[in-house]
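Topology and contacts: notes
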Amino acid sequence: VARLLGYKNVMALIDAFVAPVDEQLKSLVGNYYIYIRQNSSKGLVFQSPVEIGQSEEKFMLRLKGPSWTYEGELKIKHGCIFVLLVSPEDKSFYHIYKIGTRREPKVMQGIFSGVSTAFDPIGGRTVLIKVDEPFPKLRNEAFTLEELSNSPRSEAKTLAVYFREYSKNNVSINKVVSFGLEDLEE
């Protein structure tokens, strides 16, 4: 009976009654582009494909970066979406997005924290924009702020303004040499 109703087993069916699917999370299912400013003064903005899908009672976010693919389970609390994205190589980023009580948002603003390619702690602002294209057709790209500003797409111009200032978008620590107070004086 459970399989006829679309559940893996009886326990999954019982779980669906005990803890029903969150309709707000369900409204997020689809494809997105994520935008993050590079952690440098160069002003590069990275675009990467994101897919939010449902696997039984869980909602998963998959981010396809240029080198690694990250996955994590979405959680919702206090009007925010939380997800720990982990790659098979064990590199990870934590993302938090404001959603309020909104269903099917077209744009979500958030923040991320993690480590750079050189494994320095970093953080910053991020934007998810819903798209109608199939996930396999989405691609990774990097844009300069100038390219975004001069784009004929109004969405790109808005992203250029949003990500313009390094200090409003990126956070990182000073260079660590001694692990003492002198590292803070830089």
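Rules and cut-offs
- Residues numbered from 1 in each chain as written.
- Predicted model: local features only at pLDDT ≥ 70, side-chain atom pairs only at ≥ 80, totals over all residues.
- Heavy atoms only, no water.
- Helix = DSSP H or I, 4+ residues; strand = E, 2+ residues; numbered from the N terminus.
- Buried < 20%, exposed > 50% of the residue type's maximum accessible area, 1.4 Å probe, protein only.
- Contact = heavy atoms within 4.5 Å.
- Areas by Shrake-Rupley, 256 points an atom, 1.4 Å probe, with all protein chains shown as cover.
- Lys, Arg positive; Asp, Glu negative; His and termini not counted.
- Charge placed at Lys NZ, Arg CZ, Asp CG, Glu CD.
- Phe/Tyr/Trp six-rings, centres within 6.5 Å; stacked < 30°, edge-to-face > 60°.
- Core = buried A, V, L, I, M, F, W, Y, C linked by side-chain atoms within 4.5 Å.
- Patch = residues over 30% accessible without salt bridge, like charges linked within 9 Å, V, L, I, M, F, W, Y side chains within 5 Å.
- Salt bridge = Lys/Arg side-chain N within 4 Å of Asp/Glu carboxyl O.
- Arc of directions from axis to C-beta.
- Polar contact = N/O pair within 3.5 Å; in protein donor to acceptor, adjacent residues only side chain to side chain.

**Here we look at the overall build of the chain**
When helices and strands are tallied, the chain shows 5 helices and 11 strands. Counting every position in the chain, which comprises 186 residues, the buried fraction comes to 37%. Of the contacts formed within the chain by residues at least 6 apart in sequence, a portion of 44% connects residues at least 24 apart. Split by element, the accessible area of the chain, about 11700 Å² in all, is 56% carbon and sulfur. Charge-centre separation for the chain: the mean point of 24 positive side chains lies 6 Å from the mean point of 23 negative side chains.

**Some thoughts on the packing of aromatic side chains**
Under the definition given, this model contains 5 aromatic pairs. Taking 6.0 Å as the distance between ring centres and 65° as the angle between the ring planes, the aromatic pair formed by Phe93 and Phe112 counts as edge-to-face. Taken as a pair, Phe93 in strand 7 (residues 92–98) and Phe112 in strand 8 (residues 107–115) lie far apart in primary sequence, 19 residues in all. Ring-pair connections join several aromatic residues into one group, and the members of that group are Tyr70, Phe93 and Phe112.

**Examining the nonpolar core**
With 22 residues, the main nonpolar core has Leu28, Val50, Leu61 and Leu74 as its most contacted residues. Only strand 1 (30–37), strand 2 (44–55), strand 3 (58–64), strand 6 (80–86), strand 7, strand 8 and strand 9 (121–131) provide two or more residues apiece to this core. Excluding anything up to four places from it in sequence, Val50 contacts Gly30, Asn31, Tyr32, Ile34, Leu61, Arg62, Leu63, Leu128, Phe135 and Leu138.

**Some words on a nonpolar patch on the surface**
Residues Val1, Leu5 and Tyr7 make up a contiguous nonpolar surface patch of about 330 Å² in total accessible area. Mapped onto the elements, Leu5 comes out in the segment before helix 1 (10–18).

**A few points about helix 4 (residues 154–162)**
Looking at helix 4, one finds that the buried residues are Ala156, Leu159 and Ala160. For helix 4, the angular spread of buried residues about the axis comes to 105°, placing them on one side. Exposed residues lying more than 90 degrees from the buried face of helix 4 are Ser154 and Thr158. Packed against the buried residues of helix 4 are strand 1, strand 9 and helix 3 (145–149).

**A look at unusual backbone geometry**
Unusually for a residue other than glycine, His78 sits at a positive phi of about 50°. Its place among the elements puts His78 in the loop between strand 5 (75–77) and strand 6. Even without a glycine there, the phi angle at Asp90 is positive, about 75°. Of note, Asp90 is situated in the loop between strand 6 and strand 7. Residue Asp90 is classed as exposed on the basis of its relative accessible area, which comes to 63%.

**Regarding the side chain of Ser48**
For Ser48, the position within the fold is in strand 2. Assessed through its relative accessible area of 8%, Ser48 is described here as buried. Engagement of the side chain of Ser48 in a polar contact is seen with the side chain of Asn140, the distance being 3.0 Å.

Read these as spatial facts, not as claims about activity.
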